[in-house]
Amino acid sequence: MRQQVAGLGERNSSQRLELRQIAKATAAAVLAWLIAERLLARETVWFAPATAVIMVHATVYRTVTNGLRRVGAVAAGVFLAGSIGHLLGLNALSLVLIVPPALIAARWHRMGRHGSDVATTSVLMLSFGAASQEGYLAGYVAATVIGALCGAGVNALLWPPLYLRRPFRALRGQSREAAALLESMAAGLKERCDLSRLPEWETRAAELDARLVQTREAITDEVESRRYNLRRSRHPSEGDHAVLLGAMSQAGVHMHAIVRALAHIEQQPGVDTATGWISVHFARDYAELLDTLAAALVRVIPPAPGDRETPHLLARAREKIEAIHRQMTTEIRAGEVERPQGWAASGSLLTDAERILALLTRLTTPATTDESPASHATP
């Protein structure tokens, strides 16, 4: 409870956003009631505020599209109930003629989640005996239109929701979890290749996939919140989140591969510790490499403004990879490979770390375009 109250004092917090949405839904309901009470019959007035409340969605785009679908579904249901009820009244035959076409219309993909309103509206109108009352049916549709307009208008004009910080927070949480996994694996390798925490690493790698889905949803919400939003021109986007999401997704693949390679080493028969397959020297150097990549990862995704440390971290990681390559090459040329049975596993571990470094390097390297005449020459 204290955390929720504290969140109300933070700018652009989820708690403050929810409070605004509640206030807007209340305002839309009151406005819809006042308008419908002046224009419609008393028995249909309550449809307007009920529709207004459910129309105040998380984004302006969703409010507009769902409002149109809601009105269309209600109008279709009223038309079915009115046409069949006027001819046959309420009986089993009228239900047979109304329910199938109503459910078919409900399955039209453009209706979205409001497709079921076609069937419920038509059956309710018929069951209440209102299907033969043209005035009541027209008032029901009019109240729905009033409620949808009030809900959409209030949501679009009064604090239209704009999720500026949500992708940033999601990407930051994603990169920190990934960096924590790299640091945990590095700590185990430093302790004479201690792989006792391997089940935990496998679990955390799987959790990265679940968090990736949440991050993708946060970025989608931010993009959708800009559509039809009057505030978007005053609040430009903070960057290309899709590129960072793609990089984080690829980095997750390589982290899974590192965990699988360590699991392969741990599962080898007749090997009590990982030092039977990879040398202590390689494990120590590789652990330092993972620590450096973890430090760079949290700085690159999302990028920190005015950051000058990242290039040094990437250069240090590159130097460490080159040093490991030179050591392995020297051992091969001298015929002194310390752990020949684990050579493939060592190479796999190093390759995935090198690919993570390549991802981070691409993100920090500005794209350049060669505009020289030679670049456009015909080969």
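Remember, predicted model here, so these are calculated numbers, not experimental data.

Basis of the calculations
- Position numbers for residues count from 1 along each chain, tracking the sequence in the order it is written.
- It should be noted that, the model being predicted, local features are given only for residues of pLDDT at least 70 and side-chain atom pairs only at 80 or more, the latter also being counted only at that level, while totals for whole chains, interfaces and linings use all residues.
- The basis for every side-chain value is the complete set of non-hydrogen atoms in the structure, without hydrogens or water.
- A run of DSSP states H or I qualifies as a helix once it reaches four residues; a run of E qualifies as a strand once it reaches two. Both are numbered from the N-terminal end.
- By this rule the span expected of a helix is its residue count minus one, scaled by 1.5 Å.
- With a 1.4 Å probe rolled over the protein chains alone, any residue whose accessible area is under 20% of its type maximum counts as buried; one over 50% counts as exposed, and the rest are partly exposed.
- pLDDT is a residue-level measure of predictor confidence that goes from 0 to 100.
- Contacts: residue pairs with any heavy atoms within 4.5 Å of one another.
- Counting of polar contacts relies on pairs of N or O atoms within 3.5 Å, with two restrictions inside protein: one atom must be capable of donating a hydrogen and the other of accepting it, and residues adjacent in sequence are counted only when both atoms are side-chain atoms.
- Working definition: a ring pair exists when centres of Phe, Tyr or Trp rings (six-membered ring for Trp) sit within 6.5 Å. Plane angles under 30 degrees give stacked, over 60 give edge-to-face, the rest tilted.
- Nine residue types can take part in a nonpolar core, namely buried Ala, Val, Leu, Ile, Met, Phe, Trp, Tyr and Cys, and a core is a set of them joined through side-chain atoms within 4.5 Å.

1. Notes on helix H2 (residues 14–39)
Phase 1 of the analysis: If you check H2, its first and last C-alpha atoms are 37 Å apart, about what 26 residues at 1.5 Å a residue would give, namely 38 Å.
Phase 2 of the analysis: Within the sequence span of H2, burial applies to Gln 15, Leu 17, Gln 21, Lys 24, Ala 25, Ala 28, Ala 29, Ala 32 and Ala 36.

2. A short note on the confidence of the model for the protein
Phase 1 of the analysis: Across the protein, the average pLDDT comes to 82, with 86% of residues at or above 70.
Phase 2 of the analysis: Confidence over residues 368–379 falls short of pLDDT 50; this stretch has three contacts with residues more than four positions distant or in other chains.

3. With respect to the side chain of Thr 59
Phase 1 of the analysis: By the secondary structure assignment, Thr 59 is in the loop between helix H3 (47–55) and helix H4 (60–88).
Phase 2 of the analysis: The exposure class assigned to Thr 59 is buried, which follows from its relative accessible area of 1%.
Phase 3 of the analysis: For Thr 59, the side chain forms a polar contact with the main-chain nitrogen of Arg 62, separated by 3.1 Å.
Phase 4 of the analysis: At a separation of 2.8 Å, a polar atom in the side chain of Thr 59 contacts the side chain of Glu 224.
Phase 5 of the analysis: When residues no more than four places from it in sequence are discounted, the contact partners of Thr 59 are Asn 155, Pro 161, Tyr 163, Asp 221, Glu 224 and Ser 225.

4. Some points on the packing of aromatic side chains
Phase 1 of the analysis: Using the criterion set out here, one finds four aromatic pairs in the structure.
Phase 2 of the analysis: With centroids separated by 3.9 Å and ring planes inclined at 75 degrees, the aromatic side chains of Phe 47 and Tyr 140 adopt a geometry described as edge-to-face. Pair noted here: Phe 47 is in helix H3 and Tyr 140 is in helix H7 (residues 134–157), with a separation of 93 residues, a long-range link.
Phase 3 of the analysis: Since its relative accessible area comes to 6%, Phe 47 is described here as buried.

5. Some points on the environment of Ala 143
Phase 1 of the analysis: The residue Ala 143 is located in helix H7 in this model.
Phase 2 of the analysis: Under the relative-accessibility criterion, Ala 143 is labelled buried at 0%.
Phase 3 of the analysis: Residues Ala 143 and Trp 46 lie 97 residues apart in sequence; the distance between their C-alpha atoms is 7.8 Å.

6. Thoughts on the nonpolar core
Phase 1 of the analysis: Of all hydrophobic cores here, the largest spans 55 residues; its most connected members are Met 185, Leu 189, Met 255, Leu 262, Tyr 286 and Leu 293.
Phase 2 of the analysis: For this core, the elements supplying multiple residues, two or more each, are helix H8 (166–190), helix H9 (198–225), helix H10 (241–266), helix H11 (280–300), helix H12 (310–334) and helix H13 (343–364).
Phase 3 of the analysis: By residue number, the principal contributor to this core is H10, which donates 12 residues.
Phase 4 of the analysis: In this structure, Leu 189 is in contact with Asp 194, Leu 195, Leu 262, Ile 278, Ala 283, Tyr 286, Ala 287 and Leu 290, ignoring residues within four places of it in sequence.

7. What about unusual backbone geometry?
Phase 1 of the analysis: Here Ile 301 and Pro 302 are connected by a cis peptide whose omega angle stands at -10 degrees.
Phase 2 of the analysis: Examined against the element boundaries, Pro 302 turns out to sit in the loop between H11 and H12.
Phase 3 of the analysis: One non-glycine residue with positive phi stands out, namely Tyr 228, at about 65 degrees.
Phase 4 of the analysis: Within the secondary structure, Tyr 228 sits in the loop between H9 and H10.
Phase 5 of the analysis: We classify Tyr 228 as partly exposed; its relative accessible area is 47%.

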